[in-house]
Amino acid sequence: MTSIEELRHSPEQLRARIAAELERARGRSRRLTDIEHEELVRQHSPLMSPLVWDYAHIGSQEELWLVRDVGGRDPVRPDIDAIYDAFQTKRADRPSLPLLGPEEARAYVRTVRDKALDVLERTPLEGRRLVEAGFAFGMIVQHEQQHVETMLATHQLRVGAPVLDAPEPPPGTAPDAPEVHVPGGMFLMGTDLEPWALDNERPAHAVGVEPFWIDTDPVTNAQYAAFVEAGGYDDERWWTPDGWAHRVAAGLEAPQFWENGHRTRFGHVEPIPPEEPVQHVCWYEADAYARWAGKRLPTEAEWEMAARFDPATGRSQRFPWGDEDPRPEHANLGGTYLQPAPVGAYPKGTSPLGVRGLMGDVWEWTSSDFTPYPGFTMFPYPEYSEVFFGPEYKVLRGGSWAADQTAVRATFRNWDYPIRRQIFAGFRCARDV
Ligand SMILES: [Fe+2]
């Protein structure tokens, strides 16, 4: 697919692409909310919103940014702004709010979308930073796709008969070697060029990295099971003090959703596939595994260098495979299979250094705190990322099987608390030379 950067000087093509991406995102969010009324309004976990909240919130953000701000139109539903403002209402409290019911929510998001598409037709996509190359539309596409991933996490936590099904992912292949040597040096991290990149990915800046080794593939279920069987959860040596305290308090014994050699995935109980990247482990578990294995988690800079740096040209690519937008053969993205693929299933997605499976499959925990890059400027609102900067969040990279290609890049930064494991996160290890 042609990149947004290449489309920026063809307004009609850019508009058509934006409309298609909005429609694709809506197809996914509709699919996850096309379930019984009771399932939509129930809170399946105190960590998550009722699905009907997410759905109307998607519409609310679209109304705020595209209809009101970009379009300068009258509000559709000013009376519900507070209910759907994620900063005014905690997730745990959302079920007790006077939420729109499923039918009302569906009608609301449809009305907003009709207006947003009309705004898209009539707005010049230049002249104002918010609309340059369709940025605000891209931000809203990414927002909806990010909520699709959140809603998939809610579906995973839901108890009861399965309501989602998917085909089997492609088969894996063995790596040539378990680790890749990265020679280190200077490389360009972050981006100035990606039109839809968010503020925390900017600006591009040179970073020096010491030589290191990084795992060719993410840590698999079989590798992680060896840590569990070796008593890794009972041995305080492998855990940081905070990690050990959390392990004990939360009673962690294995990845979430594992039980008796089986796992539960969207209501299906199945044997744990040995060659699939492990997921549903928190940062503390990933960190403990790495220490047990005689390794450590990679820093965010190391991860990005392994993913983007081409030693032949000295350049940082947009993606591990090059500069083209993701195609199905590059990475397991977009929720097609509802699970990670076995490692090595996407040889075309290998990075120039020979590292595999960097995009898609599982978000990968890094050792880094979520902090601004040098020269960071907030845009377009502080609640996207600025208010989260600090040591309490760890950075995740690469996107999961549930992430959409519009919402991942080799520069894309995700973040979460080190105790979170309902997200589709795993990790790979690194070590010093
Ligand atoms: Fe949101």
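Residues numbered from 1 in each chain as written. Predicted model: local features only at pLDDT ≥ 70, side-chain atom pairs only at ≥ 80, totals over all residues. Heavy atoms only, no water.

Novice: Any chance you could break down the overall build of the chain for me, citing the residues and the numbers?
Specialist: If you tally the helices and strands in the chain, you get 10 helices and 14 strands. Here the chain has a C-alpha radius of gyration of 21 Å; the compact-globule value for 433 residues is 22 Å, and the two agree. Summarising its shape, the C-alpha atoms of the chain cover approximately 60 × 50 × 40 Å along the three principal directions. Sequence separation of 24 or more characterises 78% of the internal contacts of the chain that already satisfy a separation of 6 or more. Taken as a whole, the chain presents about 17500 Å² of accessible surface, with 53% of it coming from carbon and sulfur. (Helix = DSSP H or I, 4+ residues; strand = E, 2+ residues; numbered from the N terminus. Rg over C-alpha atoms; globule rule 2.2 N^0.38 Å. Contact = heavy atoms within 4.5 Å. Areas by Shrake-Rupley, 256 points an atom, 1.4 Å probe, with all protein chains shown as cover.)

Novice: I'd like to hear about helix H10 (residues 300–308), residue by residue, with values.
Specialist: Buried residues dominate H10, accounting for nine of its nine residues. Residues of H10 that are buried include every one of Glu300, Ala301, Glu302, Trp303, Glu304, Met305, Ala306, Ala307 and Arg308, and no others. (Buried < 20%, exposed > 50% of the residue type's maximum accessible area, 1.4 Å probe, protein only.)

Novice: Please provide a residue-by-residue account of the coordination of the iron ion, values included.
Specialist: Each protein donor to the iron ion is listed here as His57 (NE2), His143 (NE2) and His147 (NE2); together their distances run 2.1 to 2.2 Å. Each donor residue of the iron ion belongs to the same chain, and together they define the spacing H-x85-H-x3-H. A residue pair is termed long-range when its members are at least 10 positions apart, and His57 in helix H4 (residues 51–70) and His147 in helix H6 (residues 135–157) qualify at 90 residues. In this pair, the class of His57 matches that of His147, namely buried. (Donors = N, O, S within 2.8 Å, 3.2 Å for Na, K, Ca; no water.)

Novice: Give me the pattern of salt bridges: which residues, what numbers.
Specialist: Two side chains that carry opposite charge are able to pair once their charged atoms sit near each other. Under the criterion given, the structure shown has 47 salt bridges. In this structure, Arg42 engages Glu39 in a salt bridge whose closest nitrogen and oxygen atoms are separated by 3.9 Å. The closest approach of N and O atoms between Arg158 and Glu39, which form a salt bridge, is 2.9 Å. With Arg158 in the loop between H6 and strand S1 (179–182) and Glu39 in helix H3 (residues 37–41), this pair connects stretches of sequence that are 119 residues apart. By relative accessible area, Arg158 is classed as buried at 8%. Classification of Glu39 as buried rests on a relative accessible area of 13%. (Salt bridge = Lys/Arg side-chain N within 4 Å of Asp/Glu carboxyl O.)

Novice: Can you explain the packing of aromatic side chains? Please cite residues and give values.
Specialist: The final tally for this structure, using the stated rule, is 30 aromatic pairs. With centroids separated by 5.0 Å and ring planes inclined at 90°, the aromatic side chains of Phe376 and Phe389 adopt a geometry described as edge-to-face. Of this pair, Phe376 sits in the loop between strand S10 (363–370) and strand S11 (390–397) while Phe389 sits in the loop between S10 and S11, placing them 13 residues apart in sequence. Of the two residues, Phe376 and Phe389, both sit in the buried class. These aromatic residues form a ring-pair network of at least three members: Trp65, Phe87, Phe370, Phe376, Tyr381, Tyr384, Phe388, Phe389, Tyr393, Trp415 and Tyr417. Directly above the ring of Tyr373 sits Arg413, whose terminal nitrogen or CZ lies 4.1 Å from the centroid. (Phe/Tyr/Trp six-rings, centres within 6.5 Å; stacked < 30°, edge-to-face > 60°. Lys NZ or Arg CZ within 6 Å of the ring centre and 35° of its normal.)

Novice: Got a sec to walk through the UniProt feature "binding site: gamma-L-glutamyl-L-cysteine" (unreviewed entry) in the chain? Specific residues and values, please.
Specialist: The UniProt record marks Arg91, Ala92, Asp93, Arg94, Asp416 and Arg420 with the feature "binding site: gamma-L-glutamyl-L-cysteine" (unreviewed entry), using the residue numbering of this structure. Within the secondary structure, Arg91 sits in the loop between H4 and helix H5 (102–122). For Arg91, the contacting residues outside a window of four places in its chain are Gln43, Pro46, Leu47, Met48, Ser49 and Thr150. As for its position among the elements, Arg94 is in the loop between H4 and H5. The buried category is assigned to Arg94, whose relative accessible area is 4%. Excluding residues within four positions of it along the chain, Arg94 makes contact with Ser49, Pro50, Trp53, Ala86, Thr89 and Leu99. (UniProt positions renumbered as here; feature names shortened; annotations may be inferred.)

Novice: Describe the sheet that holds strand S4 (residues 212–215), listing the residues and the values that go with them.
Specialist: The strand order across the open sheet built from three strands is S1-S4-S14, with neighbouring strands paired in antiparallel fashion. Only two strands of the sheet have a single partner each, and these edge strands are S1 and strand S14 (430–432). Averaged over all pairs of adjacent strands, the angle between their axes in this sheet comes to 25°, without regard to strand direction. Summarising the sheet, S4 and S14 pair through three bridges and their orientation is antiparallel. Opposite Phe212, over in S14, you have Asp432 as the bridge partner. (Pairing = 2+ DSSP bridges. Axes fitted to C-alpha atoms, helices over the stretch in contact; angles between N-to-C directions.)

Novice: An account of helix H9 (residues 283–292) is needed here, citing residue identities and associated values.
Specialist: Taking burial as the measure, the 10 residues of H9 include eight buried ones, the bulk of the element. Listing the buried residues of H9 in full gives Trp283, Tyr284, Glu285, Ala286, Asp287, Ala288, Tyr289 and Ala290. The elements touched by buried residues of H9 are helix H7 (221–229), helix H8 (241–250), S10 and S11.

Novice: Lay out the state of the cysteines with the relevant residues and their values.
Specialist: Within this structure, the stated rule accounts for zero disulfides. No disulfide involves Cys282; its sulfur sits 14 Å from the nearest other cysteine sulfur, which is in Cys429. (Disulfide = S-S within 2.5 Å.)

Novice: Give me the lowdown on the nonpolar core, citing residues and values where you can.
Specialist: In this structure, Tyr224, Trp365 and Phe427 are the most contacted members of the largest nonpolar core, which totals 88 residues. Those residues in contact with Tyr224 that lie beyond four places of it in its chain are Val219, Tyr233, Pro255, Trp258, Val278, Val281, Glu285, Tyr289 and Phe427. By size, the runner-up hydrophobic cluster in this structure holds 32 residues, among which are Tyr84, Ala105, Leu152 and Leu157. (Core = buried A, V, L, I, M, F, W, Y, C linked by side-chain atoms within 4.5 Å.)

Novice: Got a sec to walk through the packing of helix H2 (residues 11–33) against H6? Specific residues and values, please.
Specialist: Taken N-terminus to C-terminus, the directions of H2 and H6 make an angle of 20°; their axes are 9 Å apart at the nearest point. Our classification of the angle between H2 and H6 gives roughly parallel. Every pair of crossing elements has a handedness; the one defined by H2 and H6 is left-handed. Contact residues: H2 offers Ile18, Glu21, Leu22, Arg24, Ala25, Arg26, Arg28, Ser29, Leu32 and Thr33, while H6 offers Phe137, Ile140, Val141, Glu144, Gln145, Val148, Met151, Leu152 and His155. When its residues are assigned to classes, the contact of H2 with H6 shows 10 nonpolar, four polar and five charged. (Parallel < 35°, antiparallel > 145°, perpendicular 65-115°, else oblique. Left-handed = near helix turned anticlockwise from the far one by under 90°. Nonpolar A, V, L, I, M, F, W, Y, C, P; charged D, E, K, R; others polar.)

Novice: So, the pairing of strand S12 (residues 413–416): which residues are in play, and what are the values?
Specialist: In S12, alternate side chains face the same way, and those of Arg413 and Trp415 on one face and Asn414 and Asp416 on the other are all buried. One ladder, built from four bridges, connects S11 with S12; its direction is antiparallel. Bridge pairing in S12 places Lys394 opposite Asp416.

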